[in-house]
Amino acid sequence: MPAVIEDIIARKVFNGRGEETVEIDMITTSGFGRVAAPAGKSRGKAEVTYYPQGGVDQAVKKVEEVVAPEIVGLDADLQEEIDKTLHDIDGSKDFHVIGGNTAFALSLANAEAAANSAGLLLFQYLGGHVAHELPYPLGNAISGGQHTGGKSPDIQEYLALPYGAGTFLEAAAVNVHVHKRIGQALEKKDKLFAGGKSDEGAWVANIDDPEAIEIMAKTLEQATNESGFECGLGLDVASSSLWNSKTKTYNYQRQKKKRDSGEQLEYILELIKKYHLVYVEDPFHEEDFHSFTEITKKVKNCLICGDDLFTTNTERLSRGIKARAANALIIKVNQVGTLSDAAETIEMAKRNGYVPVMSHRSGDTCDWHIAHLAVAYLCPIVKTGIVESSRVAKINELIRIEEFLGDRAKMADLEQL
Ligand code: PGA
Ligand code: ZN
């Protein structure tokens, strides 16, 4: 049955940070899809522009006045055509006319409506029969950098990756346990600790990077011993926010240290070696492809992941592939606008041996669609926090998908670790 788009409703809602965001209802003759857009805080420079001038109000108006007249009447099954139409309507390279977040919500709501019209779950609709592998959850337990204010670590995220788990549910349960234990350890370490958490639900404490990494490493070692499977440690250095282009140094305020590119490379390599890191995101700023190449050459059994470096963008990824810079990349669909754009980036990544990591944003909502995207596009890792409603919405949806798949469910292949 064709899924003809009958109506599109755009509205202003709020994300978990209380920022205004856009939500789209896509209504077809036989189905429905609803998606709300998330927002980043430590954004890459090459990301699309979220909203037109005038913000979410203007985005809602654009949907009503210029998008709906072009899209209503089209077949929701033709995702690429819908996404191309969004590009054509916008006409700019960075989606600043209708807004990248507007395009994101329209594109994904369309896919959801098409799946719903076909009587399928989104992951089945997009991924077909081969989509039966669950990603490993990469979860943020201690926050720092731009995600916190004041006296917290300089490194933005301290992450747990239970990459030896046999099921998604086990992996998610271990992460919750690790998060809780870290809270208890922080209570002992920081006398003023009052249980504060960042937007992503990770702890915010008055500790420095060496203290944070020690607590994480110890807790994960304990989790490995108790669970009987590997629970690895990862970092998102989010180095673009540490980089000062005038002094050409990474400025670690809390550590009271400035590191030039060479020193940064040494520092990260030391951490990888000492703490057996399995994942390091954005160890260098977003224009330093060269250092990404250097570090990728030097590490084994560790994912070097580009977030701000690639911004889910095929042009930037091809540059990385040519230079062999990084071996993994963050996929945030709203960095690039549409689902078709993100799917193309994922395909390019996989063809070239890069591990795609499907990711939330720090300012997210209880929208759970990335759970389906991770399974549909065979992403071996999903980065979506551990606790806090917006994060748990995605984790719980993956638990449901695993249950739905029953005997066919298996954990993804992460042979790189
Ligand atoms: P965001 O970044 O705040 O832009 O979502 C999170 C991250 O760097 O992974
Ligand atoms: Zn990042």
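Look above for the structure.
A brief structural summary. (Residues numbered from 1 in each chain as written. Chains lettered and ligands numbered in written order. Predicted model: local features only at pLDDT ≥ 70, side-chain atom pairs only at ≥ 80, totals over all residues. Heavy atoms only, no water.)

## Some thoughts on the coordination of the zinc ion (ligand 2)
Each donor-metal-donor angle in an ideal tetrahedron of four donors is 109.5 degrees, and each such angle in an ideal octahedron of six donors is either 90 or 180 degrees. Taken together, D236 (OD), E281 (OE) and D307 (OD) make up the protein donors of the zinc ion (ligand 2), found 2.0 to 2.2 Å from the metal. Each donor residue of the zinc ion (ligand 2) belongs to the same chain, with the gaps between them written as D-x44-E-x25-D. Here the residue D236 occupies a position in strand 7 (residues 232-236), and E281 occupies one in strand 11 (residues 279-281), the gap between them amounting to 45 residues. (Donors = N, O, S within 2.8 Å, 3.2 Å for Na, K, Ca; no water. Helix = DSSP H or I, 4+ residues; strand = E, 2+ residues; numbered from the N terminus.)

## Some remarks on the sheet that holds strand 14 (residues 355-359)
Around the barrel, eight strands lie side by side as 5-6-7-11-12-13-14-15; this closed barrel has mixed pairing. The sheet shows a mean angle of 30° between the axes of neighbouring strands, direction not considered. Of the strand pairs in this sheet, strand 5 (residues 136-143) and strand 6 (residues 157-161) are connected by four bridges, and their pairing is antiparallel. Paired with N140 across the bridge in strand 6 is L159. (Pairing = 2+ DSSP bridges. Axes fitted to C-alpha atoms, helices over the stretch in contact; angles between N-to-C directions.)

## Examining the packing of aromatic side chains
The full count for this structure, using the stated rule, is eight aromatic pairs. On the numbers, 6.4 Å between centres and 70° between planes, the contact of Y50 with Y51 is edge-to-face. Of the residues examined, Y50 reaches a relative accessible area of 5% and is grouped as buried. Given the relative accessible area of 17%, Y51 is considered buried. Pairing Y252 with Y267 gives two aromatic rings, centres 5.6 Å apart and planes at 85°, and the pair type is edge-to-face. (Phe/Tyr/Trp six-rings, centres within 6.5 Å; stacked < 30°, edge-to-face > 60°. Buried < 20%, exposed > 50% of the residue type's maximum accessible area, 1.4 Å probe, protein only.)

## Re helix 6 (residues 209-227)
Here helix 6 contains 19 residues, and its C-alpha end-to-end distance of 26 Å stays within 8% of the 27 Å for a straight helix at 1.5 Å per residue. Looking at the buried residues of helix 6, the elements they touch are strand 5, strand 6, helix 5 (168-189), strand 7, strand 9 (249-252) and helix 7 (261-275). Backbone geometry just after helix 6 places G228 at a positive phi near 85°. (Expected span 1.5 Å × (residues − 1). Contact = heavy atoms within 4.5 Å.)

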